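# Reading the structure
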Number of protein chains: 2
Amino acid sequence: VLLVDEDRLREDFLALAEIGRLPDGGVSRTSFSDAHLLARRWFHERAAAAGLKTRVDTAGNHSAVLEGNSPDSRTLLLGSHLDTVPVAGRYDGALGVLAALEALRTVKDAGLRLPLTLEAVDFSDEEGTVVGLLGSFAVSGMLTQDLLASPRGGRPSFLAAIAHAGLSEDRLSDARRDPASLAGYLELHIEQGPVLERGGFDIGVVTTIAGSRSYRLTFEGARRHAGTTPMKARRDALLGAARFALAVSDAVTDRFPGCVGTVGGLEVERAAFNVIPGCVRVLVELRAPTAGQLDALEAEVVDHMARDAAGADLALTVERVGRWEPIDLDASIQTCIVDVANELGLTATNLLSGAGHDAQALAAITPTGMVFVPSVGGISHDPAEYTRWRDCVNGANVLLRVALRLAQTPETL
Amino acid sequence: VLLVDEDRLREDFLALAEIGRLPDGGVSRTSFSDAHLLARRWFHERAAAAGLKTRVDTAGNHSAVLEGNSPDSRTLLLGSHLDTVPVAGRYDGALGVLAALEALRTVKDAGLRLPLTLEAVDFSDEEGTVVGLLGSFAVSGMLTQDLLASPRGGRPSFLAAIAHAGLSEDRLSDARRDPASLAGYLELHIEQGPVLERGGFDIGVVTTIAGSRSYRLTFEGARRHAGTTPMKARRDALLGAARFALAVSDAVTDRFPGCVGTVGGLEVERAAFNVIPGCVRVLVELRAPTAGQLDALEAEVVDHMARDAAGADLALTVERVGRWEPIDLDASIQTCIVDVANELGLTATNLLSGAGHDAQALAAITPTGMVFVPSVGGISHDPAEYTRWRDCVNGANVLLRVALRLAQTPETL
């Protein structure tokens, strides 16, 4: 069977990990930073060295292209992203882009002429230092004016970042691809969670990318002198926030299997040893595989538990911050991934993706599949992020062989 | 009976409230700020206008002096402070200094020649923008090298502040007063808590100034992706901190009557919606009237409950930050305050001071008494701080008449 060149993939992996390398072995390549732009140039050089065509679209997405056997061939996209969070590991995003490039090289070196064009894409700003899924949203026609008007990192840093990358705000949306020109999208990614490792699985088949909703809650009580105000005369905003954080964790653990609920931030206004907290702001995020579960979670956690935690003594304000709908990935591609894994002697399991990925944008316009490989200890967004090399190669081979199956039978998509 | 001149006291109160006045009616006169220095000059001008002598010591304490009937007369200090927290009300500290000045003027205008010198003192930096009790510690000989080496606001701002006030670090300790030269210390202050108002009392007689101990706790778990880490695979540092905050409040309320325990701060390191908190720092303060209760509280809260809250999953670090011992005030002065209040037709009750005051420094070297008047709603350290004018006048009259009693019978001290 046709497999990727492990040594060539390894060489690329180590070379890329040098770009934006941190002293402790991690990397930092935030969107459109110098290190990020350097990594993208390196990607294009590697593609050109392999005899592949390269392209950059108006959203800054960088591609390597292996053309199909006809001018009318539709395109099967394979990809991920080269940008990272500020203090990151070497695998998140990078593995998917390198495996995509390696798949194209393997097909080219084998002299195969496929009925589909293969395109390895490095999407812009997946991690969201600037906007979040900027490149894949643009390709999918989902880059709204609203999103650009209030980018995650603020307008000034958004404008500075795209200018630094040589992009123009007015032309970002021109990166939209005609769905009729696409045959599908495949992405290899590390799991970023502990499920595959704990279950002893080689390959994860993503069924659904979870939706998420986030909220900013404010608990307000009475800011008073901690020395002179008896315990029973207090209206302590921190105690309300603490009750809320524990209630969310207990309720989601006990009654919403497969969902997560996180209080990721809790800030005491003007904190001091000798002052009872009068105002506390809380960041909450809920994730679930279906919109129905998100509705139920929201009703339970935000409408019900927050009010209970505030009780009669505290005022409560709820601000809805973010909302991403859950999306199911293509069922026939899921079957294909399982078949390919079995053929390679690998164990596979279905899996929910709790994290967001470029695949969630692409799934809106073309049949999409995602392959996960195990993250040791479930660690990600950290220099300690690690996936065993054997698992990286397994994932790259699954990606290649799913692409070959889809390319030879594009009509089944 | 001899009473203070209410109108003159009121005029001073309103004039002082203009110095450092905030738009919402509060004041800001942090230690050695321009507003604070202006208030001190104004105090000396008012003293001089009344024909009193003035003095400034090497710790910046400002006094008005009415000499006794002999060169050997010991000094009865009456005082409080003119500095404030950054956003303050008009009563905390100011009332005590103005009532002390008014007491001296009343005695002087009545033509009384007492066997004690009366000195109205405005102590430096009670609130601790710079060091905390800087002036009264200096007078009591308690200004240690340790305290000056790590001042609350940091060395650079300490050095800048004392330079701005024209003080020299080397000479601060020279403000120490010989205990043999002192007859006692009396301080009128607002309660800053709700006890007098709730009980319907006119006057509070402080029996003890509570001791306090403060701690910085760090809970450490695992910083992980909130979307990909199942609820049962988490080591969430915020949940440990939340359990701790609730346990402290419940335990102190239920099992330590008369004590307080406060989590005044809780900070999530690198907080984000989509990251499980890996490291959370907590500020805790315990206050109690006796060292034995502080020991018991510390054993329960810090050694026991913090460990329980961290459980097996979280690492816990405890740093001891501050420690002030409780101090009992002079018993015969307490009796004298009650007698004087009754004589004036005022109701009085014994009371613990949960807040720190200059009196706790003076109590170490001379018989000390404190008189409290009610704070409406228990509000303090806030522009909404308010004490009814009738209560302010009652407090000033009690201060005057206790001073007269002590001055005429100094040997009972």
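All residue numbers refer to positions counted from 1 along the written sequence of the respective chain. Ligands are numbered from 1 and chains lettered from A, in the order in which they are written. Confidence filtering applies because this is a predicted model: local features only for residues at pLDDT of at least 70, side-chain atom pairs given and counted only at 80 or more, and all residues used for totals across whole chains, interfaces and linings. Hydrogen atoms and water are omitted, and side-chain values are computed over all heavy atoms in the structure.

## Let's talk about the overall build of chain A
Stated formally: By the criteria applied, helices consist of DSSP H or I runs no shorter than four residues and strands consist of E runs no shorter than two, each listed in order from the N terminus. Values of the radius of gyration come from C-alpha atoms, whereas the globule rule sets the reference at 2.2 Å times the count of residues to the power 0.38. Only protein chains enter the accessibility calculation, which uses a 1.4 Å probe. A residue is then buried if its area is under 20% of the maximum for its type, exposed if over 50%, and partly exposed in between. Residues counted as positive are Lys and Arg, residues counted as negative are Asp and Glu, and His and the chain ends are not counted. Just so you know, the charge point we use is NZ for Lys, CZ for Arg, CG for Asp and CD for Glu.
Helix and strand counts for chain A stand at twelve helices and 15 strands. Its C-alpha atoms give chain A a radius of gyration of 23 Å, near enough to 22 Å, the size a compact globule of 413 residues would have. For chain A, with 413 residues in total, the buried portion stands at 59%. Of note, chain A has its 39 positive side-chain charges centred 4 Å away from the centre of its 54 negative side-chain charges.

## Here we look at the relation of the copies chain B and chain A
Stated formally: Each copy is superposed on the other by least squares, with the fit set by C-alpha atoms of residues at a pLDDT of at least 70 in both.
Between the two copies, chain B and chain A, the superposition gives an RMSD of 0.1 Å; the rotation angle is 180° and the shift along the axis is 0.1 Å. Here the two chains are linked by the operation of a two-fold rotation axis. For chain B, the minimum C-alpha distance to the rotation axis belongs to Ala242(B) and amounts to 2.3 Å.

## What to know about the nonpolar core
Inclusion rule: Working definition of a nonpolar core: buried Ala, Val, Leu, Ile, Met, Phe, Trp, Tyr and Cys residues. They are joined through side-chain atoms within 4.5 Å. In what follows, a contact means two residues having at least one pair of non-hydrogen atoms within 4.5 Å.
Of all hydrophobic cores here, the largest spans 70 residues; its most connected members are Phe244(A) and Phe244(B). Those residues in contact with Phe244(A), other than ones at most four positions away along the chain, are Leu217(A), Phe219(A), Val263(A), Val282(A), Val284(A), Val301(A), Met305(A), Ala306(A) and Ala309(A).

## Concerning unusual backbone geometry
Even without a glycine there, the phi angle at Asp125(A) is positive, about 55°. By the secondary structure assignment, Asp125(A) is in the loop between β4 (117-122) and α4 (134-140). Residue classification places Asp125(A) among the buried residues on the basis of a relative accessible area of 0%. Of note, Arg270(B) is a non-glycine position whose phi angle comes to about 45°, a positive value. Structurally, the position occupied by Arg270(B) is in the loop between β9 (260-268) and β10 (275-276).

## Some thoughts on the pattern of salt bridges
Residues and elements named next belong to chain A. Stated formally: We define a salt bridge as a side-chain nitrogen of Lys or Arg found within 4 Å of a carboxyl oxygen belonging to Asp or Glu.
Enumeration according to the criterion identifies 52 salt bridges over all chains in this entry. The salt bridge partner of Glu119 is Arg177, with a shortest N-O separation of 2.6 Å. Of the two residues, Glu119 sits in strand β4 while Arg177 sits in the loop between α6 (155-164) and β5 (182-190), which places them 58 residues apart along the sequence. For the pair Glu119 and Arg177, one class covers both residues: buried. Via salt bridges that share partners, Arg8, Asp12, Arg46, Glu102, Arg105 and Asp109 belong to a single interconnected network.

## Describing the packing of helix α3 (residues 94-109) of chain A against helix α12 (residues 389-408) of chain A
The packing of two helices is summarised by the inter-axis angle and the distance between the axes. Residues and elements named next belong to chain A. To keep it simple, the criterion reads: Helix axes use the C-alpha atoms of the stretch in contact, all axes being lines fitted to C-alpha atoms, and the angles between their N-to-C directions lie in the range 0 to 180 degrees. Oblique is the label for any angle not under 35 degrees, not over 145, and not in the 65 to 115 range, which are roughly parallel, roughly antiparallel and roughly perpendicular in turn. Note on convention: the crossing is left-handed when the near helix lies turned anticlockwise from the far helix by less than a right angle, right-handed when the turn is clockwise. Three residue categories are used. Nonpolar comprises Ala, Val, Leu, Ile, Met, Phe, Trp, Tyr, Cys and Pro, charged comprises Asp, Glu, Lys and Arg, and polar comprises the others, including Gly.
With their axes 9 Å apart at the nearest point, α3 and α12 run at an angle of 55° to one another. Our classification of the angle between α3 and α12 gives oblique. For α3 against α12, the interelement crossing comes out right-handed. Note on element contacts: α12 touches α3 through Cys392, Ala396, Leu399, Leu400 and Leu404, opposite Leu95, Ala99, Ala100, Ala103, Thr106 and Val107. Across the contact of α3 with α12, the residue classes break down as ten nonpolar, one polar and no charged.

## Focus on the confidence of the model for chain A
How we decide: For every residue, the predictor reports its confidence as pLDDT, a number between 0 and 100.
Per-residue confidence for chain A gives a mean pLDDT of 95; residues scoring 70 or more make up 99%. Across the interface, the model reports ipTM at 0.86; the global pTM reads 0.85.

## Here we look at the interface of chain B and chain A
Threshold: Here the buried area means the combined drop in accessible surface, using a 1.4 Å probe, for two parts upon being joined, counting both sides. Polar contact is defined as a pair of N or O atoms within 3.5 Å, subject to the rule that within protein one atom must be able to donate a hydrogen and the other to accept it, and that residues adjacent in sequence are counted only when both atoms are side-chain atoms.
Taken together, the contact between chain B and chain A spans 57 residues of the former and 57 residues of the latter. Buried area between chain B and chain A, both sides added, is near 4600 Å², and the carbon and sulfur share of it is 65%. For the interface between chain B and chain A, the tally reads zero salt bridges. Scanning the region where chain B abuts chain A turns up four residue pairs in polar contact (both at pLDDT 80 or more). Those elements that place two or more of their residues in the side of chain B that touches chain A are α7 (195-199), β7 (211-220), β8 (224-225), α8 (237-255), β9, β10 and β11 (279-288) of chain B. In terms of residue count, α8(B) provides more of the side of chain B that touches chain A than any other element does, nine residues in total. When grouped by side-chain class, the residues that make up the side of chain B that touches chain A number 29 nonpolar, 18 polar and ten charged.

## Structural notes on helix α12 (residues 389-408) of chain B
The criterion, for reference: In this analysis, the expected span of each helix is defined as 1.5 Å times one less than the number of residues it contains.
Its 20 residues give α12(B) an end-to-end C-alpha distance of 29 Å, which sits within 8% of 28 Å, the value for a rise of 1.5 Å per residue. In terms of burial, α12(B) is a largely internal element, 17 of the 20 residues being buried.

## Details of the side chain of Arg213(A)
Within the secondary structure, Arg213(A) sits in strand β7 (residues 211-220). With residues near it in sequence (within four places) discarded, Arg213(A) still touches Val284(A), Glu285(A), Leu286(A), Ala291(A), Leu294(A), Asp295(A), Glu298(A), Gly322(A), Arg323(A) and Glu325(A).

## Concerning the pairing of β4(A)
Residue and element names in this part refer to chain A. Keep this limit in mind: When DSSP finds two or more bridges between a pair of strands, those strands are recorded as paired. A right-handed crossover is one whose linking path, passing over the helix from the first strand to the second, runs clockwise when the strands point away from the viewer.
Most of β4 is tucked away: six of the six residues are buried. Because side chains alternate across β4, one face comprises the buried residues Thr117, Glu119 and Val121, and the other comprises Leu118, Ala120 and Asp122, equally buried. One ladder, built from six bridges, connects strand β3 (residues 75-80) with β4; its direction is parallel. Within β4, the residue paired with Ser80 across the bridge is Asp122. Between the parallel elements β3 and β4, the chain passes through α3 in a crossover that is right-handed.

## Topic: the packing of helix α8 (residues 237-255) of chain A against helix α9 (residues 291-310) of chain A
All names here are of chain A. Their axes nearest at 9 Å, the elements α8 and α9 cross at an angle of 145°. Crossing geometry of α8 relative to α9 is assigned as right-handed. Residues Gly240, Arg243, Phe244, Ala247, Val248, Ala251, Val252 and Arg255 of α8 lie in contact with α9, whose contacting residues are Leu297, Glu300, Val301, Met305, Ala306, Ala309 and Ala310.

## Concerning the packing of aromatic side chains
Stated formally: Aromatic rings from Phe, Tyr and Trp, with only the six-membered ring used for Trp, were paired whenever their centres fell within 6.5 Å, and each pair was classed as stacked if the ring planes differed by under 30 degrees, edge-to-face if by over 60, and tilted otherwise. Two limits define a charge over a ring: the Lys NZ or Arg CZ must be within 6 Å of the ring centre, and within 35 degrees of the ring normal.
Summed over the entire model, instances satisfying the criterion amount to twelve aromatic pairs over all chains. Their ring planes at 80° and their centres at 6.1 Å tell us that Tyr91(A) and Tyr386(A) sit as a pair that is edge-to-face. Of this pair, Tyr91(A) sits in the loop between β3 and α3 while Tyr386(A) is found in the loop between β15 (368-373) and α12, placing the two residues 295 residues apart along the sequence. Exposure remark for Tyr386(A): the relative accessible area of 38% places this residue in the partly exposed category. Consider the rings of Phe219(B) and Phe244(B), whose centres lie 6.0 Å apart with planes at 50°: the pair is tilted. Note that Phe219(B) is positioned in strand β7 and Phe244(B) in helix α8, a separation of 25 residues in sequence. Side by side, Phe219(B) and Phe244(B) carry an identical accessibility label, which is buried. Of note, Arg10(A) hangs over the ring of Trp389(A), and the distance from its end group to the ring centre comes to 4.8 Å.

## Observations concerning the environment of Ala49(B)
Within the element layout of this structure, Ala49(B) appears in helix α2 (residues 34-49). Counting along the chain gives 93 residues from Ala49(B) to Met142(B), while the straight-line C-alpha distance between them is 33 Å.

## Section: the pairing of strand β14 (residues 348-353) of chain B
Residue and element names in this part refer to chain B. Of the two faces of β14, only one is covered, namely that formed by Thr349, Leu351 and Ser353; the face formed by Ala348, Asn350 and Leu352 stays uncovered. With six bridges joining them, strand β6 (residues 203-209) and β14 adopt parallel strand pairing. Each bridged residue has a counterpart across the sheet, and for Ile209 the counterpart in β14 is Ser353.

## Thoughts on the environment of Val1(A)
All names here are of chain A. Here Val1 lies in the segment before α1 (6-17). Judged by relative accessible area, Val1 falls into the exposed class, the value being 76%. Taking the C-alpha atoms as reference points, Val1 and Arg401, separated by 400 residues in sequence, lie 9.1 Å from one another.

## Here we look at the side chain of Arg224(A)
You can see Arg224(A) is positioned in strand β8 (residues 224-225). In this structure Arg224(A) touches Thr229(A), Asn274(A), Val275(A), Ile276(A), Gly377(B), Gly378(B) and Ile379(B), once residues within four positions along its chain are discounted.

## Describing the environment of Thr262(B)
If you trace the backbone, Thr262(B) turns up in strand β9. Residue classification places Thr262(B) among the buried residues on the basis of a relative accessible area of 1%. Sequence separation of Thr262(B) and Val85(B) is 177 residues, and the distance between their C-alpha atoms is 19 Å. The contact partners of Thr262(B), leaving out residues within four places of it in the chain, are Ala226(A), Arg234(A), Val275(A), Ile276(A), Leu283(B), Val284(B) and Glu285(B). Within polar-contact distance, the side chain of Thr262(B) engages the side chain of Arg234(A) at 2.8 Å.

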